Amino acid sequence: MSNLAVLPIIIPLVSGILLAFFHTKTPFVRHAAKLLSVMSTGVAAYVFYYVLQNGTVTLETGGWEAPYGIVLVADLLAVTLVLTTNVIGLACVFYAPYSLTEQKERYYFYTFFFLLITGVSGAFLTGDLFNLFVFFEVLLMASYALITLGGEKVQLRESIKYVLVNLFSSIVFVTTVAFLYSVLGTVNMAQMAERVQEVEQQGILTTIGILLFFVFATKAALFPLYYWLPKPYTVPNPVVSAMFAALLTKVGVYSIIRMFTLVFIHDTTVTHELFIWIAGFTLVFGAIGALSTNNIKLIIAYNIIPAVGFMVMGIGIYNKTALSGSVYYMISDMIIKAALFLLAGAVAHIVGTSDLRKMKGLIHQLPLLGWLLFISAFVLAGVPPFSGFIGKLMIMQGGFADGEVAIVIIGLLSSLLILYSIMKIFVRGFWGEKDENITIDRKTANALTWPVAFLVFFTVLLGIGAEMFYPVVDEISNQLMNPEIYIDSVFKE
Amino acid sequence: MDILISICLLVGTFFIFSTSIGLLRFPDVYTRMHAATKASTLGIAGIMIGAFLFLYVEHGIFSGKLILGLLFVLLTVPVSGHMISRAAHRSGVKPWGDKVRDDYTEAIRAKENPDHMK
Amino acid sequence: MPFQILLNILIAVMWMFMSESYTFSTFFGGYLIGILLLLVLQRFIPDAFYMQRVVKVLKLMLLFTKELILSNLQIVKLVYKPKLDITPGIFALPTELKSDWEITLLANLISLTPGTLSIAVSDDNSLIYIHAMHIDDTQESIQEIKDSFEKAIMEVTR
Amino acid sequence: MEIIMSVVAGILFAAGIYNLLQKQLLRIVIGTVILSNGAHLFILTMGKLKRGAPPVLEYGISDYADPLPQALILTSIVISFGLTSLLLVLSYRAAQENNTDNMEKLRGNHDE
Amino acid sequence: MTSTDFYYITEVVTYICLIATSVSLILLMIRAIKGPTNPDRAVALDAIGINLMALVGLIAILLVTTKLNDIVLLIGILLFIGTIALAKFIEKGVIIDRDER
Amino acid sequence: MLFAVLLPLILTLLIPFLSKFKDKIHTGIFVFFIPLGIFIFFVRFIGEGFSPKLESYPWIPSMGISLDFYLDGLSLLFVLLISGIGALVTLYSIFYLHKSEKLAHFYVYLLLFMTAMLGVVLSDNVYVLYTFWELTSISSFLLIGYWNHREGSRYGAMKSMLITVFGGLSMLGAFMLLHVTTGVTSVQQMIGSVDMILSSDYLPLILTLLLLGAFTKSAQFPFHIWLPDAMEAPTPVSAYLHSATMVKAGIFLVARFSPIFHGYEWFFIIVSGIGIITLCWASYMAVRQTDLKGILAFSTVSQLGMIMAMLGFGTEAAVFAAVFHILNHATFKGSLFMIAGIIDHESGSRDIRKLGGLMTLMPISATLALFASLSMAGVPLPFLNGFYSKELFFENSLHIGDTTLLIASIMKQAIPYLAVFGSIFTFVYSMYFLFGTFTGKQKLEQLPKKPHEAPIGMLIAPAILVFGVIFIGLFPNLFNETFLAHAAEAISGVETHEHIVYWHGLKTAFYMSLIVVAFGTILYLFREKWWNIYKSIPGNLSFNRVYNGTLKGLDVYTAKLTKGYMNGSLRRYTALIISTIFVVTGLVMAGTNGFTFKTDDLAPITLPEILVGIMVIAGAVGTILAKNNVAAIIILGVSGYGQALLFVFYRAPDLALTQLVIETITVALLLLCFHHLPQLSRRTERAGFRLTNAVIAVGFGTLMTLIGISAHSSKWFAAISDYFLETSHDLGGGDNVVNVILVDMRGLDTLFEITVLGIAAFSIYSLIKLRSKEGK
Ligand code: NA
Ligand code: NA
């Protein structure tokens, strides 16, 4: 059954390629994309279930034994994130036809879309650092394609910044892989972990680790490296922004989790303490950014940042509770960020502007969307019983347990600012007198709303039904705290 | 044989080196072009033949690609030179020297202003 | 001419079949046999035997090589002369050649001639503009060489 | 030699970054190309330099250069090429649409 | 064939040639950077290409390998294509002649 | 109990259907039975033999979060208040809210609030308590924003939400600390681990965070500012949430956790200190209000301060008094709010300056208001419940327990005076409210509607409450023994036997009451004389200004700050990113002794390679110096060719080939793309610009070099590549090891490298083909 590990990569890959052939037949492609996305999600769900039941699945690609060949490691963390990715993809693919112009769909939107999922899934699943770089490039290239799709003036201007910053970090990434290869003689992550332990992570390894951290931190949009993120995320179509917000930064976070729970875990006084500091600033500056603007898309884009701050805070605290929290929060945030971007996109699409100052009383015309936004605000702020709470709670509990008081308090305060930033949209945009100038196309409005509702439903489920998901997250953090589980699964027999 | 190879190499290198000196010393692109198109051909020929001989005679390896490469260069270097100097001229690079004779510029000028022609 | 070359290759390949050895040297041997056969059967084949032209090409190449070496030596002399002893200029050279191929070839050959470098061809293909290192000295010698080149080229192409 | 090559690669990084920090798009794009080159040189250097023959197996030779960094660089070169091509076309289009190739003029407005 | 003496002269000569060619490469580099005109740089690039071929040839001798022959040929081809493209570009500002289509 | 808590929530699901009949049957009628039912359900527990009950339902047991409902005296008191007043308010609302309003929304929010509030007081699990706590804030937000077409409504809703959620988050912090300290999530179990908490280093923090939660919710100084603005809500809501129940959640919280902090003097200092300040400040401010509901709002704040102060005293008697006043306040304030609502409803105005002489027009309301106001004022009449609790307050302010800290001792001395001071103003605003509305000259012409008495249905609820005021006043001990004592016991932890007597005798407390009445009367009568004092105190000083300023500041300064560094300049971004990486990584390297330098395993240094290296560098640096596009591109190309040559030197022929081809294509593409673009500018940049660039560039380059050298000097392990050389031929089926790695061992890399190229190609195609029409 070890071939299961490659399915979540191959299916979207094949889907993407397949859809490229039919790119001019838009109606067909739309339906095919939906079908393929459902299929991909189904497979991801099965893989998730299988791994949950039977433990980590590893696949030595091409039959070359680890650490020589590339090994795919479908551990619980990876498959959980892959499944989440697919669920989000599912919502996006149903949203896309109503949000995109037919032209964009024709110019390979669905191909890029599936290849983005390919790259993301690959990044989650690979057990090889260089291969991770390659998957990063796949997902980044797909993201470049998506962010530029349409070629509008502003879009081109902002995407160039996006591309360049990511390009730079990719280059540093590949260099760092080289440095690690020099010291450890391998690019296989499990073997790296073994070898780092053997030499007790001497100074040079910590240095390289930090460099690698910054590579991922740039992708994850941590302070003070996130500058490139907010603006470019508002320029492409909302579907694209949603995918980016949900997936790309999280791949960065995932990579940080992977490397700093598996490989660089022997000098936490330097690395993990640094993460906490960075997380603190990320929380503060991200929240400040979210308050700084009246552009609803930008508000939501800025909100990506403090969320990542929370996740990294959990990694920095580095105990089982906090890590559980980080993982839980990450899953929750992937879904809710996608939902929020789709939501903001729907509003902007219907109203014709994303400037909050030009909106009022939308609740009269878009009640469901309004309430979804309302709930999302609390999900983001971490108010129970929604999913954001569960993650944040565990992270902060872990923080207090380790005596990291200041960062937890910053976390609490930032939650308030986050709530305020989203509530502003609700109060200023949805409350108030009905705006008679807005005419609503019911069909489009509904079509744009249901995917959002679908995603919000998941976050609510993740919160209220936390007991159902807790064992998964608990097992994930158990595996993260015991890297030998990962190593053994790679070098089994 | 060893000596022959060495001579080939040394001669080749000498010409190649001369090309560079020429490129540095000569005053304008056209004169530099002379150096580039001429000295380098013999230079590359020397080294390629040397390398070919070395690999063939000493090791029995027949490196057809070396010779092919050489032939290719011999055929193309003058073409390149021609193209570059034409490009240089058309993009307005004036030949070096005071009151230099330049039929080409005059011809172009004459064509542009037929009245000017006597 | 392409027909002849094709025939020749065909013969070579058949030779390889017959000798049941598929190496380059067998092919080469077959090719030589082909040339011989073609030479013998010259009168039955339309057009002149292509090897004749090959010989002319070789002759041209020899000329080419000679000029090449001379020009190389000349330029090296200039390069290492302590004082920059040149009087460059551009002059026009009339030619009887017509086709692009021929003119290109001529221009290239001129470029390899000591002290000269073809720069451009006039639109009607009647003039070749040449940059010379010593514009006053070289013009006549060029004229001669050009004549010989022109003849050699014509022999190959016509 | 590895140390010297590390220095060379480092200087490539420096030159690349200097270009990256310029205003004009062309310089920035050139910067990324130089950076990639620096990275590739680093990868090569991090294997051992110049030991043994090129990694193409031959009878009688047992000492070869480290093939893995070469394979990694090869992958990376191709990827970098893809990126550079895209970046180029993107730069061209961005500059064309916005009528400037000066990135400082491509800042945009915070609220739009 | 195994006598080291036998190779010795060739090796030393090759090495000297290698150095000389490298130096010449640097000299050309100066020209490429200094210009002053783009055609100057194109000439330098052309010459650098030739130098590269020569260097690869010399390295092939030192390494006693045929694995570099492809590179020699490739440099030759690329050099030609590159120079022509560059020349065309400098001349008209285009590589692919759009007018002719 | 779970069912009782969730019952309102369940009904919310039916509301949309029920509201369809609202033309025939007012939706409120359906809703009315919910709190009534709950009230009846819980009223059964009243009795002397009452003992606490615990019910448990799992929710997220793995995280220690379960729906534990704990019914003790304290929660019983609150549950009855919530359901009892809830029923009355619903009844009142049936008449108050017209059928044309969005009743479905209103009742959904109201039911949501009931569930939330019941949850708060019944939850034993801190996290569940927090969940319901935030739900009260949310439902309050929605109710305040019920008429959200009004600017004031939106402002008030946001304000209450921000302040109470701020408190809620603080409280969550306290809960987490308590959880981490004691290892349990049950409040009762925490109370059982008092020693662990009191000996914890986190104690001050726990207390601060917890009290922030309580003070914000209960509108304590200086967080009281949200409450007056919450009066934008429909009056039933004000009566219910913002007077009787939700604002008492903070009181409840302090009461609930009192047993833990009992022996911690700072608890007294902060709780009583803030309570007494709140009492004084809010009663003083209430007099200044012109809006009836504004007066009542400040009054509520002040009364909450009083209760808070008593909880801070912590003595058995004081706690009992606090509990007693919770009940009393609910009755008189609830009825006063409803009367204010009636006046508003019937006259169209709540502005006390436009009201007056309504006694004759609205006699029943006036009568009800009379009793309620006098009770609120604490007028010493033995049938007013407010009098008893006020008296107990004075009494207890004189008998605060022993103090050790200086500040506590000072407070102990000052509190009685402050209590009297605050009560004087309480008296004044009570009179002001009463007489300003019902006596004096009628100004009917200023009113939008001609006032008349309210329909009888609307009067039922306030009448019942006023009946309560008098009934409790007449039979205080009836409530005392049955459940107030249990509530007090739950707080103080000791069995409480307080007997309320009609006449205490001529004790200090009674004199204090007399002083209050005397000074209060004088101040009320001569109010025009001293009114001007409000111009200097608080004058411009106001916490509203702080709040508004903060929000405005958040808007302005976050925008300023963010626009300052997020200025859209790519250069700025990259410069910051690179410098950060450089500085931090550099520091880490220095700090961990990461730099190592070994020369024993190096390839020999040869001149040609160095020369080629120099050429590569010269090319790279040359691009910086290049003055035009083509020059820069050519020089770049040369550098790239040099790189290819280095690959040749280092035994990588395949690399060299690829590099050559790709470098050539890149150069060609660069020329193609950039020939339309402007030339590189000849203008040289400022020296500062160049210097910054140079410093960052050189810094980062140096860092990479140092790491590279160290990495090379630290080759601690054999590389895995020997395996490739060994197996390439036999297992991989090829002699070119690099090729075998690429297509076989690392085939996945290659597959996705091709994918990357494919995406790039498609993307370039669509970039060129798909152009927006906007500019054309
Ligand atoms: Na990203
Ligand atoms: Na790259």
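Residues numbered from 1 in each chain as written. Chains lettered and ligands numbered in written order. Predicted model: local features only at pLDDT ≥ 70, side-chain atom pairs only at ≥ 80, totals over all residues. Heavy atoms only, no water.

As annotated in an unreviewed UniProt entry, chain F carries the name Na+/H+ antiporter subunit A and comes from Sediminibacillus dalangtanensis. Under the Sequence similarities (unreviewed entry) heading, UniProt states for chain F: "Belongs to the CPA3 antiporters (TC 2.A.63) subunit A family." (UniProt positions renumbered as here; feature names shortened; annotations may be inferred.)

As recorded by an unreviewed UniProt entry, chain C carries the name Multicomponent Na+:H+ antiporter subunit E and is attributed to Sediminibacillus halophilus. One UniProt comment on chain C, placed under Sequence similarities (unreviewed entry), says "Belongs to the CPA3 antiporters (TC 2.A.63) subunit E family."

> Talk me through the packing of aromatic side chains; I want residue IDs and the actual numbers.
A ring pair, where both rings are aromatic, is described by two values, the distance of the centres and the angle of the planes. Summed over the entire model, instances satisfying the criterion amount to 92 aromatic pairs over all chains. Taking 6.3 Å as the distance between ring centres and 55° as the angle between the ring planes, the aromatic pair formed by Y162(A) and Y233(A) counts as tilted. Here the residue Y162(A) occupies a position in helix α6 (residues 153-184), and Y233(A) occupies one in helix α9 (residues 230-234), the gap between them amounting to 71 residues. The ring of F689(F) carries K23(D) above its face, with NZ or CZ at 4.9 Å from the centroid. (Phe/Tyr/Trp six-rings, centres within 6.5 Å; stacked < 30°, edge-to-face > 60°. Helix = DSSP H or I, 4+ residues; strand = E, 2+ residues; numbered from the N terminus. Lys NZ or Arg CZ within 6 Å of the ring centre and 35° of its normal.)

> Which residues make up the sheet that holds strand β2 (residues 116-121) of chain C, and what values go with them?
Residue and element names in this part refer to chain C. Overall, antiparallel pairing links the three strands, which are arranged β1-β3-β2 in an open sheet. Lying at the two open borders of the sheet, with one neighbouring strand each, are β1 (89-94) and β2. Direction aside, neighbouring strands of the sheet carry axes that sit 35° apart on average. With five bridges joining them, β2 and strand β3 (residues 127-132) adopt antiparallel strand pairing. Each bridged residue has a counterpart across the sheet, and for L117 the counterpart in β3 is H131. In the packing of helix α4 (residues 100-112) onto the sheet, the strands contacted are β1, β2 and β3, and the crossing angle to β2 comes to about 150°. (Pairing = 2+ DSSP bridges. Axes fitted to C-alpha atoms, helices over the stretch in contact; angles between N-to-C directions. Contact = heavy atoms within 4.5 Å.)

> Tell me what's going on with the domain arrangement of chain C, and back it up with residues and numbers.
Each assigned domain of chain C is listed here: domain 1 (2-44) and domain 2 (51-157). Taken over C-alpha atoms, the centre of domain 1 of chain C sits 37 Å from the centre of domain 2 of chain C. (Domains from an automatic or database assignment.)

> If you had to explain the interface of chain A and chain F to someone new, which residues and values would you point to?
Size of an interface: often given as the accessible area lost when the parts come together. Taken together, the 119 residues of chain A in the interface contact 104 residues of chain F. Taking both partners together, chain A and chain F bury about 9700 Å²; carbon and sulfur atoms supply 78% of that area. Remark: the boundary between chain A and chain F carries three salt bridges. A salt bridge links D555(F) to R428(A), with the shortest nitrogen-to-oxygen separation between them at 3.6 Å. At the surface where chain A touches chain F, the tally comes to 18 residue pairs in polar contact (both at pLDDT 80 or more). When residues of the side of chain A that touches chain F are assigned to their parent elements, the largest contribution, 15 residues, is made by helix α17 (residues 405-430) of chain A. When grouped by side-chain class, the residues that make up the side of chain A that touches chain F number 78 nonpolar, 27 polar and 14 charged. (Buried area = accessible area lost by both parts, 1.4 Å probe. Salt bridge = Lys/Arg side-chain N within 4 Å of Asp/Glu carboxyl O. Polar contact = N/O pair within 3.5 Å; in protein donor to acceptor, adjacent residues only side chain to side chain. Nonpolar A, V, L, I, M, F, W, Y, C, P; charged D, E, K, R; others polar.)

> Before we move on, can you summarise the UniProt feature "transmembrane region" (unreviewed entry) in chain C with the specific residues and values?
When the UniProt feature table is mapped onto this chain, "transmembrane region" (unreviewed entry) is found at residues 22-41 of chain C. Note that residues 22-41 of chain C is 85% helix and 0% strand, and that its end C-alpha atoms are spaced 26 Å apart.

> So what about the state of the cysteines? Which residues, and what values?
Taken as a whole, this structure holds zero disulfides over all chains when the rule is applied. Counting only cysteine sulfurs, C8(B) is the nearest neighbor of C17(E), a cysteine outside any disulfide, at a range of 10 Å. The class of C17(E) is buried, set by a relative accessible area of 1%. (Disulfide = S-S within 2.5 Å. Buried < 20%, exposed > 50% of the residue type's maximum accessible area, 1.4 Å probe, protein only.)

> So what's going on with the pattern of salt bridges? Residues and values would help.
Evaluation of the coordinates by the stated rule reveals 26 salt bridges over all chains. Its salt-bridge partner being K424(A), residue D555(F) comes within 3.4 Å of it at the nearest N-O pair. On the criterion of chain membership, the pair formed by D555(F) in helix α24 (residues 543-565) and K424(A) in helix α17 is interchain, its members lying in two chains. The residue R256(F) makes a salt bridge to D72(F) at a minimum N-O spacing of 2.7 Å. Separated by 184 residues along the polypeptide, R256(F) in helix α12 (residues 248-261) and D72(F) in the loop between β2 (65-71) and α3 (73-96) bring together distant segments of the chain.

> So what's going on with helix α16 (residues 363-377) of chain F? Which residues, and what values?
All names here are of chain F. In a regular helix each residue adds 1.5 Å, so 15 residues correspond to 21 Å; α16 covers 21 Å between its end C-alpha atoms and thus fits that length. Within α16 the residues assigned to the buried category are S365, A366, L368, A369, A372, S373, L374, S375, M376 and A377. Tucked inside the fold, the buried residues of α16 contact α14 (292-313), α15 (316-347), α17 (385-397), α18 (406-438) and α19 (456-474). Positive backbone phi, approximately 75°, marks G378, located one or two places after α16. (Expected span 1.5 Å × (residues − 1).)

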